[in-house]
Amino acid sequence: METQTQDKLAEKFQAKIDADIKIEPNDWMPDTYRKTLIRQISQHAHSEIVGMLPEGNWITRAPSLRRKAVLLAKVQDEAGHGLYLYSATETLGVSREDTIDDLHSGKVKYSSIFNYPTLTWADIGAIGWLVDGAAIMNQVALCRTSYGPYARAMVKICKEESFHQRQGYEIMTTLMNGTEAQREMAQDAMNRFWWPALMMFGPSDAESKHTEQSMRWRIKRHTNDELRQSFVDASVPQAELIGLKIPDPNLVWNEARGHYDFGAIDWEEFWQVVGGNGPCNKERIEARVKAKEEGEWVREAAMAYAKKHKS
Amino acid sequence: MEHTYKFLLRIGDDSLILGQRLAELCGHGPILEEDIALTNISLDLIGQATNIYTYAAQLEGKGRDADALAFLRLEHQYLNAILVEQPNGNFADTLVRQFFFDVYRKLLFEHLLTSSDAQIAAIAEKSLKETRYHLKHSSEWVIRLGDGTELSKERAQFAILDLWRYTDELFYMDETEIQLANAGVIPNLKDLKPLWMEHVLSILNIATLKLPENQGFFGAGRQGRHSEYMGFLLAQLQYMQRVYPNMQW
């Protein structure tokens with residue numbers, strides 16, 4: 001009897017998805033759908049928050065008042081995105097506190113790109129242009145994802161991300177129009193960030209364990225490889241326009257496919273970094289844990305004050 | 001003109017240096033909401049510094065721009081108060097520093113609204129809106145920390161004792177401020193001090209915190225003599241402009 005009811009509910013649920021009707025927090029949903037969303041949205045939230053660190057690293061050294069202000073505003077936007085996304089996970093029944101604890105314990109991952117160091121000012125340009133550019137490819141598709149709160153958060157996030165992407169490209173353009181030292185700095189950043197940016201789309205479709213189910217639930221609307229191809233196709237002409245070389249000897253336009261062909265991704269590096277052995281994994285998590293631990297007395301003070309003055 | 005220029009550097013440097021200090025905290029706040037708030041205040045201060053330096057550079061008339069003033073002076077040419085260059089310390093140190101500063105800046109900008117210099121009045125009007133928010137934020141935290149837990153009260157009280165000695169310098173006047181006050185460009189800063197004290201005490205009373213009874217004042221930042229912290233702050237601030245001189249960014 002109960003199985004029958006469950007089956008009915010599941011059927012109704014899938015019919016809604018197929019009709020592109022959004023699933024809302026109080027609607028019935030399969031447990032695995034809920035879990036998949038919690039995993040994906042919290043990973044996304046953590047990526048925003050951990051992503052503040054490599055860029056925040058250059059705020060105090062930004063080369064002009066304007067660049068300092070823009071970078072501050074950008075990193076502040078990322079914090080805001082983290083906030084919406086933690087709120088979206090709360091609609092699925094998990095607290096922000098628990099979600100953050102999962103990040104600190106290593107149970108839930110964040111985007112591996114943020115485990116690479118920012119070594120020069122040009123890295124801020126490369127991150128804005130390539131990393132935010134890659135993120136947008138994913139996120140534009142997520143504006144139509146099946147879970148309502150996630151889709152709506154994504155609409156606002158996408159608007160800001162596309163501004164970030166433009167400011168990153170503008171930094172790179174300025175550098176490429178500058179001196180020899182500035183052009184070298186830009187190319188060096190390109191060389192270091194290109195491949196990790198391609199890895200941001202995740203394992204190839206054949207290897208991706210979540211893709212098929214997520215596509216059926218319309219949590220994901222495109223596969224990893226489709227998105228990666230769109231990113232390459234969009235980025236190559238942008239690089240060429242300002243004179244940056246793509247660090248891939250196998251990159252070539254394929255007339256028949258109407259896409260660029262590109263070289264093989266070093267998946268060994270990807271899995272190493274995902275597994276905790278990237279250049280900055282340890283520093284990133286330590287910084288987040290430290291902020292939480294050092295802030296504990298502040299949060300306690302706020303709670304104590306609120307309790308005293310409740311009435 | 002020379003006096004106005006110097007006064008603008010004094011208040012512009014306050015904005016820049018405090019903005020720079022707060023920027024260090026981006027990504028490291030005790031809760032996400034505070035990360036956003038402190039970054040936002042930093043952003044406002046950098047914006048104020050930009051407006052103030054732009055006008056200062058114009059008055060100076062030597063072809064320098066706001067960036068040249070912000071990034072390419074020597075340490076003794078920065079005229080900020082010593083208070084704003086103090087390290088962030090713990091959250092109580094950061095917020096008490098901000099609170100002392102915000103009360104002063106709100107009063108200053110309110111009085112600059114009627115400046116005989118229209119450009120200064122315009123800068124004050126824009127900055128005052130932001131400063132009111134900053135003050136509301138820092139006051140609320142001083143109250144919460146003071147009237148929160150035993151530990152937060154102890155830390156807030158310690159921050160007050162520690163930073164108090166730097167507050168009198170905010171009202172420093174030499175020939176520059178005296179001349180400008182006489183010309184109606186700025187208020188008499190000495191008249192702001194009792195108003196500042198009254199406001200500070202009203203919040204500290206609610207927060208159940210105390211001011212030190214007897215403590216001397218210190219500070220020569222307005223004359224360009226800084227604390228040992230300043231050189232390190234400038235090393236980061238000026239890094240790109242010093243390593244890669246004469247380039248566009």
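Computed from a predicted model, the values in this text were never measured in an experiment.

**Side note on the overall build of chain A**
Item 1. Along the backbone of chain A there are 12 helices and 2 strands.
Item 2. Ordered by position from the N terminus, the helices and strands of chain A form the series α-α-α-α-α-α-α-α-α-β-β-α-α-α.
Item 3. Against the compact-globule benchmark of 19 Å for 311 residues, chain A has a radius of gyration of 21 Å, which places it among compact chains.
Item 4. Viewed in the frame of its principal axes, chain A has a C-alpha envelope of about 70 × 60 × 35 Å.
Item 5. Per-residue burial for chain A yields a buried fraction of 53% across its 311 residues.
Item 6. Restricting the contact set of chain A to residue pairs at least 6 apart, pairs at least 24 apart contribute 77%.

**As for the nonpolar core**
Inside soluble globular proteins, nonpolar side chains tend to come together where they are buried.
Item 1. In terms of nonpolar packing, the biggest core is built from 169 residues, with Tyr-33 and Trp-121 of chain A together with Leu-16 and Phe-100 of chain B touching the most fellow members.
Item 2. When sequence neighbours within four positions are dropped, the list of residues in contact with Trp-121 of chain A reads Trp-58, Ala-62, Pro-63, Arg-67, Leu-71, Ile-171, Leu-175 and Met-185 of chain A together with Met-240 and Trp-249 of chain B.

**Quick look at the confidence of the model for chain B**
Item 1. In this model, chain B carries an average pLDDT of 97, and 100% of its residues clear a pLDDT of 70 or more.
Item 2. As scored by the predictor, the complex reaches a pTM of 0.95 and an ipTM of 0.97.

**Thoughts on the interface of chain A and chain B**
Item 1. Opposite the 45 residues of chain A that make contact, chain B presents 47 residues.
Item 2. Summed over both partners, the interface of chain A with chain B buries about 3,900 Å², with 71% contributed by carbon and sulfur atoms.
Item 3. Applying the counting criterion to the chain A and chain B interface returns 2 salt bridges.
Item 4. Mapped onto the side of chain A that touches chain B, the elements with two or more residues apiece are α2 (31-56), α3 (65-90), α6 (148-176), α7 (180-199), α11 (281-294) and α12 (296-308) of chain A.

**Let's talk about the packing of aromatic side chains**
Item 1. A full pass over the atoms with the stated rule returns 20 aromatic pairs over all chains.
Item 2. Judged by centre distance (5.8 Å) and plane angle (85°), the rings of Tyr-104 of chain B and Phe-171 of chain B are edge-to-face. Taken as a pair, Tyr-104 of chain B in helix α5 (residues 91-112) and Phe-171 of chain B in the loop between α7 (150-163) and α8 (175-182) lie far apart in primary sequence, 67 residues in all. Phe-171 of chain B carries the same exposure label as Tyr-104 of chain B, and that label is buried.
Item 3. An aromatic cluster of at least three residues, connected via ring pairs, comprises Phe-99, Phe-100, Phe-101, Tyr-104, Trp-164, Phe-171, Trp-196 and Phe-217 of chain B.
Item 4. It is Arg-61 of chain A that lies over the ring of Trp-58 of chain A; its NZ or CZ is 3.7 Å from the centre.
Item 5. Here the guanidinium or amino end of Arg-61 of chain A rests over the ring plane of Tyr-239 of chain B, the centre of that ring lying 5.9 Å away.

**Overview of the side chain of His-226 of chain B**
All names here are of chain B.
Item 1. Its place among the elements puts His-226 in the loop between α9 (189-206) and α10 (229-243).
Item 2. We classify His-226 as buried; its relative accessible area is 16%.
Item 3. Within the local environment of His-226, its side chain forms a polar contact with the backbone oxygen of Tyr-78, the two atoms lying 2.6 Å apart.
Item 4. At a separation of 2.7 Å, a polar atom in the side chain of His-226 contacts the side chain of Glu-85.
Item 5. Once you skip the residues sitting within four places of it in the chain, His-226 turns out to touch Glu-75, Tyr-78, Leu-79, Asn-80, Ile-82, Glu-85 and Gly-221.

**Side note on α5 of chain B**
Item 1. Given a rise of 1.5 Å per residue, 22 residues ought to cover 32 Å, and the 31 Å separating the end C-alpha atoms of α5 of chain B matches this to within 8%.
Item 2. By the criterion of burial, α5 of chain B is predominantly enclosed, with 20 of the 22 residues buried.

**A few points about the side chain of Ser-115 of chain B**
All names here are of chain B.
Item 1. As for its position among the elements, Ser-115 is in the loop between α5 and α6 (118-146).
Item 2. Judged by its relative accessible area of 10%, Ser-115 is buried.
Item 3. Here the side chain of Ser-115 touches Asp-117 through a polar contact of 3.0 Å, landing on its backbone nitrogen.
Item 4. Polar side-chain contacts of Ser-115 include one of 2.7 Å to the backbone oxygen of Val-185.
Item 5. If we ignore the near neighbours within four places in the chain, the residues touching Ser-115 are Ile-120, Ala-121, Gly-184 and Val-185.

**Details of the packing of α6 of chain A against α7 of chain A**
Residue and element names in this part refer to chain A.
Item 1. Between α6 and α7, the least distance of the axes is 7 Å, while the angle of their chain directions is 140°. Classed by the angle they form, the pair α6 and α7 counts as oblique. On α7, the residues touching Met-172, Leu-175 and Met-176 of α6 are Gln-182, Arg-183, Ala-186 and Ala-189.

Cut-offs and rules
Residues numbered from 1 in each chain as written. Chains lettered and ligands numbered in written order. Predicted model: local features only at pLDDT ≥ 70, side-chain atom pairs only at ≥ 80, totals over all residues. Heavy atoms only, no water. Helix = DSSP H or I, 4+ residues; strand = E, 2+ residues; numbered from the N terminus. Rg over C-alpha atoms; globule rule 2.2 N^0.38 Å. Buried < 20%, exposed > 50% of the residue type's maximum accessible area, 1.4 Å probe, protein only. Contact = heavy atoms within 4.5 Å. Core = buried A, V, L, I, M, F, W, Y, C linked by side-chain atoms within 4.5 Å. pLDDT = per-residue confidence, 0-100. Buried area = accessible area lost by both parts, 1.4 Å probe. Salt bridge = Lys/Arg side-chain N within 4 Å of Asp/Glu carboxyl O. Phe/Tyr/Trp six-rings, centres within 6.5 Å; stacked < 30°, edge-to-face > 60°. Lys NZ or Arg CZ within 6 Å of the ring centre and 35° of its normal. Polar contact = N/O pair within 3.5 Å; in protein donor to acceptor, adjacent residues only side chain to side chain. Expected span 1.5 Å × (residues − 1). Axes fitted to C-alpha atoms, helices over the stretch in contact; angles between N-to-C directions. Parallel < 35°, antiparallel > 145°, perpendicular 65-115°, else oblique.

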